[in-house]
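# Notes for the structure review
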Amino acid sequence: MAELFADLFDDLIGQAQAISLLQATLAQGRLATAYLFVGPDGVGRRLAARRFLEGLLAGPDGSVRLRRRLLEGNHPDLLWLEPTYQHQGQLVPASQAAEQGLSKRGLPQLRLEQVREISRFLSRRPLESSRCLVVIEAVEAMAEGAANALLKTLEEPGEGVLILLSSAPERLLATIRSRCQQIPFARLDATAMARVLDRLDPAQSSQPDPDPPALLDLAAGSPGALLHHREQWRALPKGLAGRLLEGSPAPIEALALARDLCEALDLDQQLWLLNWWQWQRWQRDHRASDQRRIERLRGQLRGFVQPRLAWEVALLELMAQEGQPG
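Residues numbered from 1 in each chain as written. Predicted model: local features only at pLDDT ≥ 70, side-chain atom pairs only at ≥ 80, totals over all residues. Heavy atoms only, no water.

What follows covers the environment of glycine 145. For glycine 145, the position within the fold is in helix H5 (residues 144-155). For glycine 145, a relative accessible area of 40% corresponds to the partly exposed category. In this structure, the C-alpha to C-alpha distance between glycine 145 and leucine 261, residues 116 residues apart in sequence, is 33 Å. (Helix = DSSP H or I, 4+ residues; strand = E, 2+ residues; numbered from the N terminus. Buried < 20%, exposed > 50% of the residue type's maximum accessible area, 1.4 Å probe, protein only.)

On to the environment of leucine 164, then. Within the fold, leucine 164 resides in strand E6 (residues 161-166). The spacing of leucine 164 and alanine 235 is 71 residues in sequence and 30 Å in space, taken between C-alpha atoms. Ignoring any residue separated from it by four or fewer positions in sequence, one finds leucine 164 in contact with Tyr35, Leu36, Phe37, Ile136, Val139, Ile176 and Cys180. (Contact = heavy atoms within 4.5 Å.)

Let's shift gears to the nonpolar core. Proteins that are soluble and globular tend to have nonpolar side chains buried together. By size, the foremost hydrophobic cluster in this structure holds 65 residues, and its most contacted members are Phe37, Leu273, Trp277 and Trp311. Top element by residues in this core is helix H12 (residues 267-285). It accounts for eight residues. When residues no more than four places from it in sequence are discounted, the contact partners of phenylalanine 37 are Leu22, Arg45, Ala48, Ala49, Phe52, Ile163, Leu164, Leu165, Ser166, Ile183 and Phe185. With 25 residues, the next largest nonpolar core counts Leu36, Ile136, Leu162 and Cys180 among its residues. (Core = buried A, V, L, I, M, F, W, Y, C linked by side-chain atoms within 4.5 Å.)

Here we come to unusual backbone geometry. A positive phi angle, near 50 degrees, is found at glutamine 88, a position not held by glycine. Considering the arrangement of structural elements, one finds glutamine 88 in the loop between strand E3 (84-87) and strand E4 (90-93). You can call glutamine 88 exposed: its relative accessible area is 72%. With a phi close to 50 degrees, alanine 220 is a non-glycine residue in the positive phi region. Mapped onto the fold, alanine 220 is located in the loop between helix H8 (213-219) and helix H9 (223-235).

What follows concerns the sheet that holds strand E7 (residues 181-184). Pairing is parallel in the open sheet, where five strands are placed in the order E2-E5-E6-E1-E7. Where the open sheet ends on each side, the last strands, each with one partner, are strand E2 (78-81) and E7. When strand polarity is set aside, the average angle formed by the axes of neighbouring strands in this sheet is 15 degrees. Relative to strand E5 (residues 133-136), E2 runs parallel, the two sharing four bridges. Counted as the bridge partner of leucine 81 is isoleucine 136 from E5. Docked against the sheet, helix H4 (residues 112-123) engages E2, E5 and E6, running at close to 170 degrees with respect to E2. (Pairing = 2+ DSSP bridges. Axes fitted to C-alpha atoms, helices over the stretch in contact; angles between N-to-C directions.)

This model, assessed by the stated rule, comprises 17 salt bridges. In this structure, arginine 308 engages glutamate 312 in a salt bridge whose closest nitrogen and oxygen atoms are separated by 3.3 Å. With arginine 308 and glutamate 312 both in helix H14 (residues 307-321) and four residues apart, the pair spans about one turn of that helix. Since its relative accessible area comes to 34%, arginine 308 is described here as partly exposed. (Salt bridge = Lys/Arg side-chain N within 4 Å of Asp/Glu carboxyl O.)

Another aspect to go through is the packing of H4 against H5. Contact pair H4 / H5: the axes reach a minimum separation of 8 Å and the direction vectors enclose 15 degrees. Classified by the angle their axes make, H4 and H5 are roughly parallel. By crossing handedness, the relation of H4 to H5 is classed as left-handed. Between H4, through Leu112, Val115, Ile118, Ser119 and Leu122, and H5, the contact on the second element is made entirely by Gly145, Ala146, Ala149, Leu150 and Thr153. (Parallel < 35°, antiparallel > 145°, perpendicular 65-115°, else oblique. Left-handed = near helix turned anticlockwise from the far one by under 90°.)

Let us look at the packing of aromatic side chains. All chains considered together, the criterion is met by four aromatic pairs. For the ring pair phenylalanine 37 and phenylalanine 185, a centre distance of 5.4 Å and an interplane angle of 35 degrees mean the geometry is tilted. Separated by 148 residues along the polypeptide, phenylalanine 37 in strand E1 (residues 34-38) and phenylalanine 185 in the loop between E7 and helix H7 (190-200) bring together distant segments of the chain. Considering the side-chain rings of tryptophan 277 and tryptophan 311, the 6.0 Å spacing of their centres and the 35 degrees angle between planes classify their relative orientation as tilted. A residue pair is termed long-range when its members are at least 10 positions apart, and tryptophan 277 in helix H12 and tryptophan 311 in helix H14 qualify at 34 residues. Taken as a pair, tryptophan 277 and tryptophan 311 share a single burial class, namely buried. Note that arginine 50 overlies the ring of tryptophan 80, its terminal NZ or CZ placed 5.1 Å from the centroid. (Phe/Tyr/Trp six-rings, centres within 6.5 Å; stacked < 30°, edge-to-face > 60°. Lys NZ or Arg CZ within 6 Å of the ring centre and 35° of its normal.)

Moving on, we get to the side chain of histidine 75. Looking at where histidine 75 falls in the secondary structure, it is placed in the loop between helix H3 (64-72) and E2. The buried category is assigned to histidine 75, whose relative accessible area is 7%. Of the polar contacts made by the side chain of histidine 75, one reaches the backbone nitrogen of aspartate 77; its length is 3.1 Å. Contacts of histidine 75, omitting those with residues within four sequence positions, involve Leu57, Leu66, Arg69, Leu70 and Glu128. (Polar contact = N/O pair within 3.5 Å; in protein donor to acceptor, adjacent residues only side chain to side chain.)

Printed below as a string of structure tokens:
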């Protein structure tokens, strides 16, 4: 029976285990209340969710019109949520923040009001299908109140089906994980990476400058992550990354660098640059103490410590450690 849905996932590359599980679910027609698609960002979890929904709504033959509607989020029985920024009393989805010119000085979150919207959505009668469907991206980006509300929804979902996407399931409540059927997604090998990249970014093959080695390592088998790293790298102000790699700057230069980082980059960009810097320092020095200090800086930035102060203290401490054993 699973072969009836073989063509549905044709464009999902390198995820044989996930495809097999989803095909079997569709063929048998025995749906769980909730599914947890677990794996790195950028390896196809979002695409798999759309194809799974397509199979639920239209069967093995699918529909070009339905596929377009799902891509556009234009189906009355589907609620697709992602972390949001709060701006002038409105919730702005993370994917729309750039086009709206939003200054991202914090990190996006899934908020309590969004989870309450799920409960209201699932309580209504579906309009075109047999059930209401909910997809939640980056479900780990929830505060405690939202997580507890989601748990209650999972305990009483009605006839709906929820699909949760997570790259960090360890940050979810264990009780949320236990109420979901997990669908694992893997990092891609080099051949699969090349196939996906040729499809997603064909112009890159004609670019004169290859990716810096750090970007390929940071992507770690995720084509979506590599595209994101390319975008972040190209958006950096000229020379800023190089200043982070300079050894033992004078204290006044370290303070100026902290100021420039916080004035030029929003928090998402700072966290990305921190990952790149951490990789570069490990390749250069293999100093465990440096890595621990950078991890502490990451926690401070995520924990809403004043970013400039966090960068100033970290840069000064790392400068003082130069030349000392790791």
